[in-house]
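Listed below are the residues making up each chain.
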Amino acid sequence: MTTQPALLIAGHGTRDEAGAEAFRDFVKELGRRHPELPVAGGFIELSPPPLGEAVTELVERGVRRFAAVPLMLVSAGHAKGDIPAALAREKERHPGVTYTYGRPLGPHPALLSVLERRLDEALAGSGREDVTILLVGRGSTDPDANAEVCKAARLLWEGRGYAGVETAFVSLAAPDVPSGLDRVARLGARRVVVLPYFLFTGILPERVRRQTEEWAAAHPEVEVRSADVIGPEPELLDLVMERYAEAVAGDLRMNCDSCVYRIALPGFEDKVGLPQQPHFHPDDDGDDHGHGHHHHGGHSHSHAH
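Residues numbered from 1 in each chain as written. Predicted model: local features only at pLDDT ≥ 70, side-chain atom pairs only at ≥ 80, totals over all residues. Heavy atoms only, no water.

Student: Now, about the sheet that holds strand E8 (residues 223–226): what can you tell me, with residues and values included?
Tutor: Strand pairs in the sheet, formed through backbone hydrogen bonds, run parallel or antiparallel to each other. If you trace the four strands from one edge of the open sheet to the other, you get E6-E5-E7-E8, paired in parallel fashion. On the outer flanks of this sheet lie strand E6 (164–169) and E8, each paired with one strand and no other. Each adjacent strand pair in this sheet contributes to an overall mean axis angle of 25 degrees, direction not counted. Packing against the sheet, helix H6 (residues 177–186) makes contact with strand E5 (131–137), E6 and strand E7 (191–196), and its axis sits at approximately 160 degrees to E5. The strands that helix H7 (residues 203–218) touches are E5, E7 and E8; relative to E8, the one it contacts most, it runs at about 165 degrees. (Pairing = 2+ DSSP bridges. Helix = DSSP H or I, 4+ residues; strand = E, 2+ residues; numbered from the N terminus. Axes fitted to C-alpha atoms, helices over the stretch in contact; angles between N-to-C directions. Contact = heavy atoms within 4.5 Å.)

Shown next as structure tokens:
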């Protein structure tokens, strides 16, 4: 048996079967690429298999140590709270098992290269200099997570020759997609590419595409194109292994400077010091909530169980 810790991939979950299958295929591909390493993956919510089942699978294969990598672009409530809470439960269920926890994928240069490729595909060979990009993130009640999407947008803009890169969110944060498109039009954009900042297809990326098409139909004076999600590219497979190596080596640099649970940010003072508990993302349940600003009381980190 290998002496290396196993690799556990923690996914968000989606009611979109194609998106869930893309995650499961991604985990299988990681296992194929690294036969020396036990690899398993599971979801926090909404999709099978649950994370606990993936841990059990590793334990049944003889694993006693593993490194968990969140397959998420930004460090929001799921990465900061739900996954650590789930892993703590698994440690209680499987005495003798130890684990380390990696950081989210973030706006890594390799992923920015994939985003650039998706934009090139959408532009189909036409020039960049008059193109404004609208990068659309998932959206969160965590301002730090939303700020990371803005950071990715700025990094994407730097040195690539686009007219500009603006941000919007499909859920829980402003501006929503139509408002983001209104903004870039007011800024003078006549050619726009809407770029979903998502790893795989799912309910929310499809909503981004649908809202983009609806806005474009109402604004024929603006040329609007939709780009694809990042997808299971080699760069993503390599980045997960980079995060795994960091976790195993203990070389973790999670950003706590603007964490809403440590620092009193304006309007979020009540969250400082709250315990992290699993919570539900209301816009992933498969229903269309308009532009997704309905909390349904589900995205809090309260003491209620």
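Back to the write-up after that little detour.
Student: Any chance you could break down the side chain of Asp176 for me, citing the residues and the numbers?
Tutor: Within the element layout of this structure, Asp176 appears in the loop between E6 and H6. Nearest to the buried, unbridged Asp176 among oppositely charged side chains is Arg207, at 9.7 Å. Polar side-chain contacts of Asp176 include one of 2.8 Å to the side chain of Ser179. (Buried < 20%, exposed > 50% of the residue type's maximum accessible area, 1.4 Å probe, protein only. Lys, Arg positive; Asp, Glu negative; His and termini not counted. Salt bridge = Lys/Arg side-chain N within 4 Å of Asp/Glu carboxyl O. Polar contact = N/O pair within 3.5 Å; in protein donor to acceptor, adjacent residues only side chain to side chain.)

Student: Tell me about the environment of Asp182, residues and numbers included.
Tutor: Locating Asp182 in the fold gives a position in helix H6. Residue class for Asp182 comes out partly exposed when judged on its relative accessible area of 30%. With 37 residues separating them along the chain, Asp182 and His219 place their C-alpha atoms 9.5 Å apart.

Student: I'd like to hear about the sheet that holds strand E2 (residues 39–43), residue by residue, with values.
Tutor: Here four strands make up an open sheet; going across it, the order is E2-E1-E3-E4 and the pairing parallel. Here the strands that pair on one side only, and so sit at the sheet edges, are E2 and strand E4 (98–101). Pairwise comparison of adjacent strand axes, ignoring direction, gives a mean angle of 25 degrees for this sheet. Of the strand pairs in this sheet, strand E1 (residues 6–11) and strand E3 (residues 65–70) are connected by five bridges, and their pairing is parallel. The residue of E3 that forms the bridge with Ala10 is Pro70. Sitting on the sheet, helix H1 (residues 17–33) touches E1 and E2, and the angle it makes with E2 is about 165 degrees.

Student: Give me the pattern of salt bridges: which residues, what numbers.
Tutor: This structure, assessed with the given rule, holds 22 salt bridges. For Arg33, the salt bridge identified is with Asp238, shortest N-O distance 3.7 Å. In this pair, Arg33 sits in helix H1 while Asp238 sits in helix H8 (residues 234–249), placing the two residues 205 residues apart along the sequence. Residue Arg33 is classed as partly exposed on the basis of its relative accessible area, which comes to 39%. Between Arg160 and Glu116 there is a salt bridge, and its shortest N-O distance comes to 3.0 Å.

These results come straight from atomic positions and should not be treated as a statement about function.
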